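# Fold and geometry: a report
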Amino acid sequence: MSEGDKDGPRPRRATEPGSRPTPAGERARRELSGIAASPGVGIGRAYVIDRRHFHVPRREIEPAEADEELARFGLGLGRTHAQLEAIKNRLPHGEHRQILEAQQMMLRDPDLRQRVEALIRNESISAEWAVDRVATEIRETLERADDEYFAERSSDIGFLAERVLLHMGDVDDGELSPPPGSVVIAHDLSPADTAQLARAQVVGIVTGVGGQTSHSAIMARSLEIPAVVGVGDILGLVQSDDMVVVDAIDGVVLVRPGTEELDRWQHVRDRYDVFEERVQREHGLPAIAQDGTHIVLRANVALDAEVPSSLFHGAEGVGLFRTEFIFMDREIPPTEDEHYRHAKAVLRKLAPYPVVFRTFDLGSDKPTDLVRYGEREHNPAMGLRSLRLALRERSMFLAQVRGLLRAAVHGPLRIMLPLVSGISELRAALAVIDEARAQLADEGVAHAQTVPIGIMVEMPSAAIVADVLARHVDFMSIGTNDLIQYTLAIDRTNDDVSYLYRPLHPAILRLIHRVSAAGKAAGISVSLCGEMAADPRYTWVLVGLGVRELSMHPSAIPVIKNIIRSSTLSDMEALAREVLEVEDAEDAERRVLEIMQTRFPEHLLHGGGQRFVNEGPLRRPQEGGG
Ligand code: PEP
Ligand code: MG
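Just so it is clear, the structure is predicted and the values come from calculations on it, not from any experiment.

Conventions used here
Residues numbered from 1 in each chain as written. Chains lettered and ligands numbered in written order. Predicted model: local features only at pLDDT ≥ 70, side-chain atom pairs only at ≥ 80, totals over all residues. Heavy atoms only, no water. Helix = DSSP H or I, 4+ residues; strand = E, 2+ residues; numbered from the N terminus. Buried < 20%, exposed > 50% of the residue type's maximum accessible area, 1.4 Å probe, protein only. Contact = heavy atoms within 4.5 Å. Areas by Shrake-Rupley, 256 points an atom, 1.4 Å probe, with all protein chains shown as cover. Near = heavy atom within 4 Å. Polar contact = N/O pair within 3.5 Å; in protein donor to acceptor, adjacent residues only side chain to side chain. Nonpolar A, V, L, I, M, F, W, Y, C, P; charged D, E, K, R; others polar. Pairing = 2+ DSSP bridges. Axes fitted to C-alpha atoms, helices over the stretch in contact; angles between N-to-C directions. Donors = N, O, S within 2.8 Å, 3.2 Å for Na, K, Ca; no water. Core = buried A, V, L, I, M, F, W, Y, C linked by side-chain atoms within 4.5 Å. Expected span 1.5 Å × (residues − 1). Salt bridge = Lys/Arg side-chain N within 4 Å of Asp/Glu carboxyl O. Arc of directions from axis to C-beta. Phe/Tyr/Trp six-rings, centres within 6.5 Å; stacked < 30°, edge-to-face > 60°.

Right, let's talk about the overall build of the chain for a bit. The helix and strand inventory of the chain stands at 23 helices and 18 strands. Put simply, the chain has 626 residues, and 55% of those count as buried. Summarising the internal contacts of the chain: among those between residues at least 6 apart in sequence, 71% fall at separations of at least 24. Accessible surface, the chain: about 26000 Å² in total, of which carbon and sulfur atoms supply 50%.

As structure tokens, this is what we get:
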């Protein structure tokens, strides 16, 4: 919101088709990239929500008018609250309702009322001006925190203030009314906006800002509207009524595509929708192959907000909870109690399914301000990261382990140690866990006596001695992201060498095979939780190599499940045997792609909304997939 206009609140929501002159250059086809936040393909005419011209009047008042201004402010709050209530009641129960409830709580905050009242009475300014000033102050405070969560709260305040302003005068109620089949284009959307779009049969959402965890992304996912967020200056490039393709598989937005291109995309969308309906029908069923082999599919989760999506997509628990995020953006490490409360809340949400909490894997690609060894390291990926760091920062590690052991009384919790290199490091980590147990017992603090302890196998050394490690743990999980990085000596974050990132390299295949055989011999489960698990091209090979549990980004689960349910173990094992024999990654890739493309063309096109490491030829229609 900006100050300095006498005309009163003037939101310009949908720009009328053709309401602006159109310079010739502006009408060209445009392709924009952003973040695929809610998977799918949407095609429709643009409905542009443009709030850039929202002005707030700066009006001084007589002291006698203060009561009237306060009454108008109260009216704005009440109407906004009622509008959120009405929107909420139109929605099914779940996360999106909770977001709107949280916004209603912000409206009821006595501090907000007191600050606005103080400005109206003490500085003799209009209610609109006072609301805008208080909202701006709160937003600035939140933005200074430089944290994604607070940035989201800041945009909540902006949207709420805008709604209160709209409701204070005789203006319309701020309802959005995109025609059915529209693609909504906005700089940002509030949860209430997104909820209104559910009724409007919108086919796609594109926003200029936002990430995977922004409210508009979460809401779009729960309403299953394809969405691409964070595309930049979208309002400057799209006009109402423009034809728009939202490719929320790869995170691309096509504005004003040509006729042929549009035809191709309509075909892709139809295929996607038919396929999606088919895989979602199996949502509650287990991933049992046609010969009866059960492959457990679990979710990789880093943020609590992803938990509902794991259940929605049919995950049988969490196979990798990346706890590093609890350590980010803070000056002191989380306390034992924080770990305890966090893990307990996650277990509650996922009951009765198990949750595998990985102890912190900080450093290198997951930097933290809490410990700064990385700054003096030439090669942080091989430096003091992950478990090595935990063993150095023993009190931080002990606090986490104690919190997890305590939380384990509330549900099936498992502890997983990252980046184990070999037996002595494993022993050192197990000693910390024993120490935590002994301390809790001495102190008489409730904790679980037996918590399964597992390791990530993500270093070549660990994979090679997996038979030894397997004797000392309850489960193993192969982390192919790091295993590939360390085996092939390619930095997983360096685009210049990403062409060398070959999951089907014979060395990787042999290591995966070796680890699953070691697990089988020791009678413990072996899962795989790297990005490979989410890639439909690799499902047959991984199961064929002996992996019986796959953990992945939640939205990838339905597609992988459908592949498993349509396959036999003998076919999968035959492919694995074949690729184990080949000498070169390229031969393995050719063979795997040939089989998987023939058997599962739609599955490969989808990839569950997951970006592939090496793009397969079916990804984009102009590349020959259509
Ligand atoms: C891995 O390395 O495969 C893994 C799952 O862990 P992360 O991606 O968090 O390093
Ligand atoms: Mg890793």
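Next comes the rest of the write-up.
With that out of the way, let us pick up the site of ligand 1. Near ligand 1 there are 14 residues, and of these Arg322, Lys366, Gly479, Asn481 and Arg492 occur at the shortest range. One of the side-chain N or O atoms of Arg358 is found 2.9 Å from an oxygen atom in ligand 1. Between ligand 1 and Gly479, the relevant distance is 3.3 Å, taken from an oxygen atom to a main-chain nitrogen or oxygen of the residue. Across the complex, the protein chains shield 99% of the 290 Å² of accessible surface that ligand 1 would expose by itself. Looking at the shell around ligand 1, the elements that each hand over two or more residues are β12 (318–322) and α17 (480–488). Of the residues forming the shell around ligand 1, the biggest block, three residues, is contributed by α17. Among the residues forming the shell around ligand 1, the class breakdown is three nonpolar, four polar and seven charged.

Each strand in a sheet pairs with its neighbour through backbone hydrogen bonds, running either in the same direction (parallel) or in the opposite one (antiparallel). Here eight strands make up a closed barrel; going around it, the order is β11-β12-β13-β14-β15-β16-β17-β18 and the pairing parallel. On average, each strand axis in the sheet is inclined to that of its neighbour by 25°, with strand direction left out of account. Pairing between strand β17 (residues 525–528) and strand β18 (residues 549–552): two bridges, direction parallel. Of the residues in β18, the one forming a bridge with Ser527 is Glu549. Helix-sheet contacts for helix α18 (residues 506–522) involve β15 (453–457), β16 (475–478) and β17, and the interaxial angle to β16 is about 170°.

Bringing the coordination of the magnesium ion (ligand 2) into the picture now. Coordination of the magnesium ion (ligand 2) by the protein comes from Glu458 (OE) and Asp482 (OD), over a distance range of 2.0 to 2.1 Å. Remark: Asp482 occurs in helix α17 and Glu458 occurs in the loop between β15 and α15 (460–464); sequence separation between them is 24 residues. Neither residue differs from the other here; Glu458 and Asp482 are each classed as buried.

Formed by 109 residues in total, the largest nonpolar core has its most connected members in Leu413, Leu417, Met476 and Leu550. Of all the elements, helix α13 (residues 394–407) adds the most residues to this core, at seven residues. Once you skip the residues sitting within four places of it in the chain, Leu417 turns out to touch Thr359, Leu387, Phe397, Leu426, Ala429, Leu430, Ile433, Ile453, Gly454, Ile455 and Met456. If you look at the next biggest cluster of nonpolar residues, it comprises 34 residues, including Ala135, Leu160, Ala192 and Ala195.

Take the side chain of Ser567 next. Tracing the backbone shows Ser567 in the loop between α20 (557–565) and α21 (569–581). In this structure the side chain of Ser567 is engaged in a polar contact, spanning 2.5 Å, whose partner is the backbone oxygen of Ile563.

The mixed open sheet is built from eight strands, whose spatial order is β2-β10-β9-β4-β6-β7-β8-β3. Sheet topology places β2 (30–33) and β3 (35–38) at the edges, where each strand pairs with a single neighbour. The sheet shows a mean angle of 25° between the axes of neighbouring strands, taken without regard to direction. Where strand β4 (residues 41–49) lies against strand β6 (residues 183–186), four bridges are found, and the strand directions are parallel. Bridge pairing in β6 places Ala46 opposite Val183. On the sheet, helix α8 (residues 259–281) packs against β4, β9 (243–247) and β10 (252–255) and is oriented at approximately 115° with respect to β4.

What follows covers unusual backbone geometry. In this structure, Pro352 follows Ala351 across a cis peptide bond, with omega equal to 5°. Backbone geometry places Gln201, a non-glycine residue, at a positive phi of 55°. Positionally, Gln201 belongs in the loop between α6 (191–199) and β7 (204–207). Positive phi outside glycine occurs at Ala489, with the angle close to 55°. Here Ala489 lies in the loop between α17 and α18.

Take α8 next. The end-to-end C-alpha separation of α8 is 33 Å, in line with the 33 Å expected for 23 residues at 1.5 Å each. Those residues of α8 that fall on the buried side of the exposure criterion are Glu261, Leu262, Trp265, Val268, Arg271, Tyr272, Phe275, Val279 and Gln280.

On to the pattern of salt bridges, then. Inspection of every chain in the model, using the stated rule, returns 35 salt bridges. Put simply, Arg358 and Glu324 hold a salt bridge, and the shortest N to O gap is 3.0 Å. Of the two residues, Arg358 sits in strand β13 (residues 355–358) while Glu324 sits in helix α10 (residues 324–327), which places them 34 residues apart along the sequence. We note a salt bridge from Arg590 to Asp587, for which the minimum N-O separation is 3.1 Å.

We now examine helix α14 (residues 423–443). Under the 1.5 Å per step criterion, the end-to-end length of α14 is 30 Å for 21 residues, consistent within 8% with the ideal 30 Å. Inspection of α14 places Glu425, Leu426, Ala429, Val432, Ile433, Ala436 and Leu440 among the buried residues, and these make up the whole buried set. The arc enclosing the buried residues of α14, seen along the axis, measures out at 120°, which places them on a common side. With respect to the buried face of α14, the exposed residues turned more than 90 degrees away are Ser424 and Asp442. On the buried face of α14, the contacting elements are α11 (336–350), α12 (386–392), α13, β14 (413–417), β15 and α16 (466–470). Within two residues after α14, Gly444 carries a phi angle of roughly 70°, on the positive side.

Moving on: the environment of Glu69. Take Glu69: it is sitting in helix α1 (residues 66–89). You can call Glu69 buried: its relative accessible area is 2%. A C-alpha to C-alpha distance of 9.8 Å links Glu69 and Ala130, two positions 61 residues apart in sequence. Sequence-distant contacts of Glu69, defined by excluding residues within four places in its chain, comprise Arg59, Ile61, Ile120, Ser126, Ala127 and Glu128. Only 3.3 Å separates the side chain of Glu69 from the side chain of Arg59, close enough to count as a polar contact. Looking at Glu69, its side chain comes within polar contact range of the side chain of Arg72, at 2.9 Å.

A few words now on the packing of aromatic side chains. Under the counting rule described, the total for this entry stands at four aromatic pairs. Here the aromatic rings of Phe327 and Phe360 are separated by 4.9 Å at their centres, their planes lie at 55°, and the arrangement is tilted. Taken as a pair, Phe327 in helix α10 and Phe360 in the loop between β13 and α12 lie far apart in primary sequence, 33 residues in all. In terms of burial, Phe327 and Phe360 fall into one category: buried.

Nothing here speaks to function; it is all geometry.
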